[in-house]
Protein chains: 2
Amino acid sequence: MKKSLLLFASLLLATAVWGFEIKSPSENIVVNFTLDGKGTPTYSVSYKGKAVIEPSSMGFKFADGKDYSNWFTIVKVDTTSFNESWKPVWGEVSTIVDNHNELTALLRHVPTNTFMTIRFRVFDDCAAFRYEFDRDSNHAYIKVANEVSQFNLTGDHKTFWIPGNPDSNEYRYLTTPLSGIDASKADGNAIGTHMIVANNCIQSPVMMKSSDGLYINIFEAALSDYPAMMLTIDKNEFCFTSLLAGSAVKGVTAFLQTPCKTPWRTIIVSDKAEDILASKSILNLNEPCKIENTDFIKPFKMVGVWWEMHVPRRSTWNYADEWNLKLEGTDWNALKPNGRHGANTENVKKYIDFAADNGIDAVLVEGWNVGWEDWAGNWKEEVFDFVTPYPDFNVKEITSYAASKGVKMIMHHETSSSVTNYERRIDSAIEFMKKWGYTGVKTGYVGWIIPRGETHDGQWMVQHYDRVIKKMADAGIMIDEHEAVRPTGQCRTYPNLLACESARGNEFNAWSDGNLPEHETILPFTRLMGGPMDYTPGIFKIKMSEYYKDGNNCQVHTTLAKQLALYVTMFSPVQMAADIPENYLKHMDAFQFIKDVAVDWDDTKVLEAEPGDYITIARKAKGSDKWFIGAITDENRRTTEIKLDFLDKGRKYIATIYADGKDADWESNPVSYSITTKKVTSKSVLKLTLANGGGCAISIFPIK
Amino acid sequence: MKKSLLLFASLLLATAVWGFEIKSPSENIVVNFTLDGKGTPTYSVSYKGKAVIEPSSMGFKFADGKDYSNWFTIVKVDTTSFNESWKPVWGEVSTIVDNHNELTALLRHVPTNTFMTIRFRVFDDCAAFRYEFDRDSNHAYIKVANEVSQFNLTGDHKTFWIPGNPDSNEYRYLTTPLSGIDASKADGNAIGTHMIVANNCIQSPVMMKSSDGLYINIFEAALSDYPAMMLTIDKNEFCFTSLLAGSAVKGVTAFLQTPCKTPWRTIIVSDKAEDILASKSILNLNEPCKIENTDFIKPFKMVGVWWEMHVPRRSTWNYADEWNLKLEGTDWNALKPNGRHGANTENVKKYIDFAADNGIDAVLVEGWNVGWEDWAGNWKEEVFDFVTPYPDFNVKEITSYAASKGVKMIMHHETSSSVTNYERRIDSAIEFMKKWGYTGVKTGYVGWIIPRGETHDGQWMVQHYDRVIKKMADAGIMIDEHEAVRPTGQCRTYPNLLACESARGNEFNAWSDGNLPEHETILPFTRLMGGPMDYTPGIFKIKMSEYYKDGNNCQVHTTLAKQLALYVTMFSPVQMAADIPENYLKHMDAFQFIKDVAVDWDDTKVLEAEPGDYITIARKAKGSDKWFIGAITDENRRTTEIKLDFLDKGRKYIATIYADGKDADWESNPVSYSITTKKVTSKSVLKLTLANGGGCAISIFPIK
């Protein structure tokens, strides 16, 4: 169905007010689009009759100094409908329905004769729009100073936010009313790129709850060749305005060439918090898969030489304790080893053994390659070469040992944010990976970006991440990005992008004031809206003082049972069993859940959710009748009953329940857990009790 | 000989004044180095007893905000002497003598406990110094705000200068007293990167003449991993201070890691202008050749599809006249050809034929690869891929045709200053060159640099040029850089760097107000001090109105005879016969000189020179007894007598004299020339008459 309203520009007066309405398929969401008396594109959104976004203006400021948010006329308006389903290569469900109505308005900016299309897509859980510019040789190149899309909210909503910083997302979430947003109150991040943009500026996505019971998430989809979007709040009007991450050129955020389009601006809304987590609209707004042969993409679990570098006084990424080395000219064999280098052959083999013994697919090794002696904090360009192992890392021996045990090795490319260096060396790095049979890579971007002046979330870096994803796709390699820009659903298009970090991960618990117990109840409503996160759960040795008694008092801010539940609540097709094998060996009964849990799913049921408080999710493993449930709470103890009515009717199952011990408490007694089994059916109701900062993990296997 | 003065730091008072003297081997030049009462390193230079540089301070401002130009103490002073000779792979002479005395002073900056060495080398025609930092783990990384080396001159010298602009050297020279320097008076350059730093800031090298008859050139040698040096003038004190080209980070010009050293600061001085041109000190201050097998480096002459793109209404680099194309996604075969694309197979073959017929070694082709439709001026990153020919450029046919005729093809890599793009693609570009047998490449850097915020002359780009030179050396490819930073003698270390442009070349005469007739009498005293220039002489069709009568009135600002003389006065191991073959075919008698002239030399005699006025040079061809003389003048007619006493005694030669016609004049009658022959010996004196803006070229062949 396609309706077209062809309007004659000559008949239009700039002072005429035009209005168009577009509804979601169920008519839950209604979007109104108008040009006001000044020719300003304006939209509003309602959900089941309640206002979500009050009239909000749209447009740009270009670097030519002109204002592209008014003096538009409407040339043409089209509407279409779309209803299809598609199958992701991996995901939370096996089939995704994309059902939306679309309106496109071709506008002419009268003062400059620039044509711009605004395209709306309205799903039953999401209103989205983006800007498009056709190929226009009169306006071939556009320098964007800022995009000025407004999101005018209806009240002083409860808001979950982190500060606007184009170089990091690694913050604790703050929960305040919109009027309480103050980025200066955010804790500094750990990777040394803490520089907030303005006190009223926050990162997208932002999650909100209105006093009239609506859950609202504002974010973006399909970010590509454009800067990431932050949001600045006008606290008097409760109105957000987009703020694009900057470039090295003052006054320009995006360098565009027509034809081009912005990412989608998304407003996901529901009166049920669970619907926000279940929304697939951000994936639907991304392009279909562009990888022809996706056979190499296989979700997996891994262990790795990693957590032992985070805990007190254990291992190091660096091989020597010398400082001030240069990549070229250093004789790495001549350095005096510090004796604590984690990525040594013997140690790596232990991880391989553990993986092989426990059905873990792969082993990640960090610190294997030369350069870690002084890699960060000095804006140093020639840091790593990605191909030279330390003298004690025998790549040949390790890869053949891993192969003999059926374990895959995962490559690590820490760039130190020296991206020009990485781009120069990536081809040889990929050649190295192919030679040694590495099937996946974890990339890292710690520190300030080189090219200096660019930012992690700016357009140049967004282009870079895309280039790397495509290069890896061409080489048949899966990728897990750390410290990169937050994902916006592009794993649909490039499903070799298994996961990103782009938030404050579990490692902060090892050496900082850590993540609040509520942290993992917020992440799925914010960071995970755009794609999986490599959160690295599964820490069993919770208190860092057990490593070194006079050391820090850091600890993981959850119970052990909650660490298990995260494998379900925090979706990712790559999951790390992040703790050190020796810690798992003391709790192999609990580790059984990590062995069992799937990383790819045919179905997902968000049973209960409230951002900042709790999440309970059930998932059915890919190509299997096994279900897994994860339930987590914040700092508050919680009891709940969950119905297993999603199980096959009439079928019998055995549920293994990994629960907090009765005396468990994230702070005082985090390792207390109990494991019980129970026969269940679709009629069963499980009563769960979660400790303060606790959780519960359940596997439900059919009885054959 | 090595003398060492070991001083005990504990005995030193910051208020003590220390003085050291170092003389050149002949004692012509004397340098005094002291620490003044404030612990400021201070030097002065005299030549034959005349002051050249009055006491001038040395040091840095680092980005830590501290001043590293005072509160130094002396730890240790060493002196050594050096006298050796070496043979360049190519050059103006076959053997170069490096005879100098050296003083190194190890200093300690008391407030920060930073150690710094100042190293002086004093030649008979040059005083030089540089700063060095040893490996120092307490000060591993240094961010330089600016280097503050002063050059305190003795009076209001006559000065030849171009404005300080870290993105271009393509200016007419201005000749003023030091007190008359005003960068705002410079004409804009043509490549769209005209942005002068400050009105009192000029480019190095700067050439001066004092009222007491000294010729003084201030420049740098061995620029590597450091920004290029501009100079700001204090007109009251006649004192220059170094100003380093900036980076993308405000307040930081250089990111250093110890150990490191700056380029040499050079003061070349003589009471004869000819000595300035003959100086080899800048080469001597560079490292010996680092290319193991230099067999692939063969100086050459070329013609090329190039000038026809500069003259009115002839050819274009671009294949189509469409605009706003993207590198990826454009179907180049589907474009409508504009019919004027120069780099088409048929046309290129004509150049190959002409080269083969006339003993020209190679053919350069610009505009052969896709992307020229809109390549410059938009800070566009994905511009060229360096491997995809236009549909009408049959690379296979052309290369095999050239090979069959014994002609080499020269590659062209215009980067549009999108350097990140070039670095990503350079390996495949080199692979392409190897596949098709290209032995040399001309690189280009038109426009603003990407990484945005970096500059042509900044440290990041200096590193880039070095990377490209090394990559090309590894691939056995010669290189000719255009729009790059000015060279500083590094062709000694990497002799595959045959030439650079880095100044206002001949093409400006085709479409701008051109180069003044004096231009080529200044360039050897400035730009060419650091290495050969690809000036592209040899234009025979002088007036652009002959191409298109209602077109521009641009013209080459020399006579035809002067175009010939430039092949001798403007040294380069790659020389282009820049005009279109059809123009040569009308003057094959004159073209004979271009056919004959050498591009590599066993000996060079600078017979006469005065910057801004005239230059006469005689050179002996490499491995041959043939001599060539070039004589040029500025806008003034000139007669001169030159003694041929450099010829072998008792030997007879035939001289062919390509002189201005009697009625020749660069403006009114530039093509008038006469060719005469004459028997000569070492006792002969030739009387030459050069027209206004004229010149004279002479070949002298032994009679067998």
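Just so it is clear, the structure is predicted and the values come from calculations on it, not from any experiment.

In this structure, what is going on with the overall build of chain A? I would like to understand it.
Helix and strand counts for chain A come out as twelve helices and 38 strands. Across its three principal axes, chain A shows a C-alpha extent of roughly 80 × 70 × 45 Å. Residues classed as buried in chain A amount to 65% of the 704 residues present. Of all intrachain contacts in chain A linking residues separated by at least 6 positions in sequence, the fraction that spans at least 24 positions is 71%. Here chain A displays about 24,000 Å² of accessible surface, and carbon together with sulfur accounts for 49% of that area.

Explain the interface of chain B and chain A to me, please; I cannot follow it from the model alone.
Often, the extent of an interface is quoted as the loss of accessible area on bringing the components together. At the junction of the two partners, chain B supplies 33 residues and chain A supplies 33 residues. Summed over both sides, the interface between chain B and chain A buries roughly 3,000 Å², with carbon and sulfur atoms accounting for 47% of that surface. Three residues, Tyr141(B), Asn324(B) and Arg452(B), lead the burial of chain B against chain A; their summed loss comes to 22% of the area buried on that side. Taken together, the connections running from chain B to chain A amount to four salt bridges. A salt bridge links Arg135(B) to Glu322(A); its shortest N-O distance comes to 3.6 Å. In this structure, the connection of chain B to chain A is made through 24 residue pairs in polar contact (both at pLDDT 80 or more). Listed by contribution, the elements that provide at least two residues to the side of chain B that touches chain A are strand S12 (141-147), strand S21 (254-257), helix H6 (419-436) and helix H7 (459-475) of chain B. Across the side of chain B that touches chain A, the residue classes break down as twelve nonpolar, seven polar and 14 charged.

When you look at the relation of the copies chain B and chain A in this model, what are you seeing that I'm missing?
The relation between the two copies of this chain is a rotation about an axis and a shift parallel to it. Rotating chain B by 180 degrees about the axis while translating it 0.0 Å along that axis superimposes it on chain A, leaving an RMSD of 0.0 Å. The transformation just described matches what one would write down for a two-fold rotation axis. Taken together, the interface assignments show that 100% of the residues at the interface of chain B recur at the interface of chain A, consistent with an identical surface on both copies.

Explain the pairing of strand S11 (residues 126-133) of chain A to me, please; I cannot follow it from the model alone.
In the case of a regular strand, side chains alternate between the two sheet surfaces. Residue and element names in this part refer to chain A. Of all eight residues that make up S11, eight are buried, and the element is covered over most of its length. Side chains Cys126, Ala128, Arg130 and Glu132 project from S11 onto one buried face, and the interleaved Ala127, Phe129, Tyr131 and Phe133 project onto a second face that is buried too. As defined by bridge partners, strand S10 (residues 114-122) adjoins S11 across six bridges and the pair is classed as antiparallel. Directly across from Val122, in S11, lies its bridge partner Ala127. Counting the residues that bridge the hairpin from S10 to S11 gives three residues. Looking at chain direction, S11 and strand S23 (residues 264-270) are connected through four bridges and run antiparallel. When the sheet's bridge partners are listed, Ala127 is paired in S23 with Ile267.

Would you take a moment to explain the packing of helix H4 (residues 345-357) of chain B against helix H5 (residues 395-404) of chain B for this structure?
A pair of packed helices is characterised by two quantities: the angle between their axes and the separation of those axes. Residue and element names in this part refer to chain B. Viewed as axis vectors pointing N to C, H4 and H5 meet at an angle of 15 degrees, and their least axial separation amounts to 10 Å. On the basis of their axis angle, the class for H4 and H5 is roughly parallel. With respect to the hand of their crossing, H4 and H5 are arranged in right-handed fashion. Across the interface between the two elements, Thr345, Val348, Lys349, Ile352 and Asp353 of H4 pack against Glu397, Ile398, Tyr401 and Ala402 of H5. Tallied by class, residues from the contact of H4 with H5 come to five nonpolar, one polar and three charged.

Hey, could you run me through helix H5 (residues 395-404) of chain A in this one?
Because each turn of an α-helix spans 3.6 residues, side chains separated by three or four positions end up pointing in the same direction. All names here are of chain A. All buried positions along H5 are accounted for by Val395, Ile398, Thr399 and Ala402. What you see down the axis of H5 is that its buried residues fit within an arc of 90 degrees, all on one side. Among the exposed residues of H5, those oriented more than 90 degrees off its buried face are Lys396 and Ser404. Where H5 is buried, its residues meet helix H4 (345-357), strand S26 (408-414) and helix H6 (419-436).

What should I look at first to understand the sheet that holds strand S32 (residues 614-621) of chain A in this one?
Residues and elements named next belong to chain A. The strand order across the open sheet built from six strands is S31-S32-S33-S38-S35-S36, with neighbouring strands paired in antiparallel fashion. Only two strands of the sheet have a single partner each, and these edge strands are strand S31 (601-610) and strand S36 (673-680). Each neighbouring strand pair of the sheet contributes to a mean axis angle of 15 degrees, computed without reference to strand direction. The pairing of strand S35 (residues 653-660) with S36 spans eight bridges and is antiparallel. Residue Tyr658 lies in a different strand from S36, and its bridge partner there is Ile675.

Would you take a moment to explain the nonpolar core for this structure?
Inside soluble globular proteins, nonpolar side chains tend to come together where they are buried. Membership of the largest hydrophobic core comes to 203 residues, with the highest contact counts inside it found for Phe33(B), Phe151(B), Ile218(B), Phe240(B), Ile267(B) and Trp307(B). It is H7(B) that contributes the most residues to this core, nine residues altogether. Apart from residues lying up to four places away in sequence, Ile218(B) is in contact with Ile53(B), Phe151(B), Leu153(B), Ser204(B), Pro205(B), Val206(B), Met208(B), Leu231(B), Phe240(B), Thr266(B) and Ile267(B). Ranked by size, the runner-up nonpolar core spans 202 residues in total, among them Leu174(A), Phe384(A), Tyr465(A) and Ile542(A).

Would you mind going over helix H10 (residues 560-569) of chain B with me for this structure?
In terms of residue burial, H10(B) counts as a mostly covered element, since ten of its ten residues are buried. Three or more residues of H10(B) are buried, namely Leu560(B), Ala561(B), Lys562(B), Gln563(B), Leu564(B), Ala565(B), Leu566(B), Tyr567(B), Val568(B) and Thr569(B).

In this structure, what is going on with the pairing of strand S20 (residues 239-244) of chain B? I would like to understand it.
All names here are of chain B. Burial analysis of S20 places five of its six residues in the buried class, the great majority of the element. Where strand S13 (residues 150-153) and S20 come together, three bridges link them in antiparallel fashion. Considered in S20, the bridge of Phe151 is made with Phe240. Note: strand S19 (residues 229-234) against S20, six bridges, orientation antiparallel. Paired with Leu231 across the bridge in S20 is Ser242. Where S19 folds back onto S20 in an antiparallel hairpin, the turn is made up of four residues, including Phe238, whose phi is positive at roughly 50 degrees.

Even after reading the chapter, I still don't get the sheet that holds strand S24 (residues 300-305) of chain A, so can you show me in this structure?
Two modes of strand pairing occur in sheets, parallel and antiparallel, and in both the strands are linked by backbone hydrogen bonds. Residues and elements named next belong to chain A. Read across the sheet, seven strands follow the order S29-S28-S27-S26-S25-S24-S30 without closing on themselves; strand pairing throughout is parallel. The two strands at the open ends of the sheet, each matched to only one other strand, are strand S29 (497-500) and strand S30 (574-576). Strand-to-strand twist across the sheet, computed as the mean angle between neighbouring axes with direction ignored, equals 25 degrees.

Even after reading the chapter, I still don't get the pattern of salt bridges, so can you show me in this structure?
Pairing between side chains of opposite charge can happen when the charged atoms of each approach one another. Scanning all chains against the criterion turns up 70 salt bridges over all chains. For Lys61(A), the salt bridge is made with Asp67(A), and the minimal N-O distance between the two is 3.3 Å. Exposure remark for Asp67(A): the relative accessible area of 28% places this residue in the partly exposed category. Of the charged contacts in the structure, one is a salt bridge between Asp603(B) and Lys605(B), with a shortest N-O distance of 3.5 Å.

Explain the packing of helix H10 (residues 560-569) of chain A against helix H12 (residues 588-596) of chain A here, please?
Residues and elements named next belong to chain A. Where H10 meets H12, the axes come as close as 10 Å, and the angle between the chain directions of the two elements is 10 degrees. The orientation of H10 with respect to H12, classified from their angle, is roughly parallel. Contact residues: Leu560, Leu564, Tyr567 and Val568 in H10; Ala590, Phe593 and Ile594 in H12. Its residues placed into classes, the contact of H10 with H12 shows seven nonpolar, no polar and no charged.

Where do I start with the confidence of the model for chain A in this structure?
Residues shown with low pLDDT carry predicted positions that ought not to be read at fine detail. All names here are of chain A. Here chain A shows a mean pLDDT of 95. Residues at 70 or above account for 97%. A low-confidence stretch, residues 1-15 stays under pLDDT 50, and its non-local contacts, those more than four residues away or across chains, total 34 contacts. Confidence metrics for the complex model read pTM 0.96 and ipTM 0.94.

How do you make sense of the packing of aromatic side chains when you look at a structure like this?
The relative placement of two aromatic rings is captured by the distance of their centres and the angle of their planes. Residues and elements named next belong to chain A. Scanning the model with the defined rule gives 76 aromatic pairs over all chains in all. Geometrically, the ring pair formed by Phe593 and Phe628 is edge-to-face, given 5.9 Å between the ring centres and 75 degrees between the ring planes. A residue pair is termed long-range when its members are at least 10 positions apart, and Phe593 in helix H12 and Phe628 in strand S33 (residues 627-633) qualify at 35 residues. A relative accessible area of 0% places Phe593 in the buried class.

Thresholds applied
Every chain is numbered independently, its residues counted from 1 as its sequence is written. Following the order in which they are written, the chains are lettered starting with A and the ligands numbered starting with 1. Restriction of local features to residues with pLDDT of at least 70 applies here, the model being predicted, together with a cutoff of 80 or more for giving and counting side-chain atom pairs; totals for whole chains, interfaces and linings are based on all residues. Each side-chain value is derived from all of the structure's non-hydrogen atoms; neither hydrogens nor water enter the calculation. Numbering of helices and strands runs from the N terminus; a helix is a DSSP stretch of H or I covering at least four residues, while a strand is a stretch of E covering at least two. When a residue's accessible area, from a 1.4 Å probe over protein chains only, is under 20% of the maximum for its type it is buried; when over 50% it is exposed; and in between it is partly exposed. Note on definitions: a residue-residue contact is assigned when non-hydrogen atoms from the two residues lie within 4.5 Å. All accessible areas in this document rest on Shrake-Rupley with a 1.4 Å probe, and a residue is counted as covered only by the protein chains that are shown. Reported buried area values correspond to the accessible surface (1.4 Å probe) lost by two parts on association, with both partners' losses combined. For salt bridges, the criterion is a side-chain nitrogen of Lys or Arg within 4 Å of an Asp or Glu carboxyl oxygen. For the purposes of these results, a polar contact is taken to be a pair of N or O atoms within 3.5 Å, where, inside protein, one atom must be able to donate a hydrogen and its partner to accept one; residues adjacent in sequence count only when each atom of the pair is a side-chain atom. Polarity classes work like this: nonpolar for Ala, Val, Leu, Ile, Met, Phe, Trp, Tyr, Cys and Pro, charged for Asp, Glu, Lys and Arg, and polar for all others, with Gly in that last group. Only residues with pLDDT of at least 70 in both copies contribute their C-alpha atoms to the least-squares superposition of the copies. Each pair of strands is called paired provided DSSP finds at least two bridges between the two strands. Here the axes come from fitting lines to C-alpha atoms, over the contacting stretch only for helices, and the angles between their N-to-C directions go from 0 to 180 degrees. Working definition: roughly parallel below 35 degrees, roughly antiparallel above 145 degrees, roughly perpendicular at 65 to 115 degrees, and oblique for all remaining angles. For a crossing to be left-handed, the near helix must be turned anticlockwise from the far one by less than a right angle; the clockwise case is right-handed. To obtain the arc, one takes the directions from the helix axis to the C-beta atoms. Buried residues of nine kinds, namely Ala, Val, Leu, Ile, Met, Phe, Trp, Tyr and Cys, make up a nonpolar core once their side-chain atoms join them within 4.5 Å. pLDDT gives the predictor's per-residue confidence on a scale running from 0 to 100. Ring pairs shown here join Phe, Tyr and Trp side chains whose ring centres sit within 6.5 Å, with only the six-membered ring taken for Trp; geometry is labelled stacked below 30 degrees between planes, edge-to-face above 60, and tilted in between.

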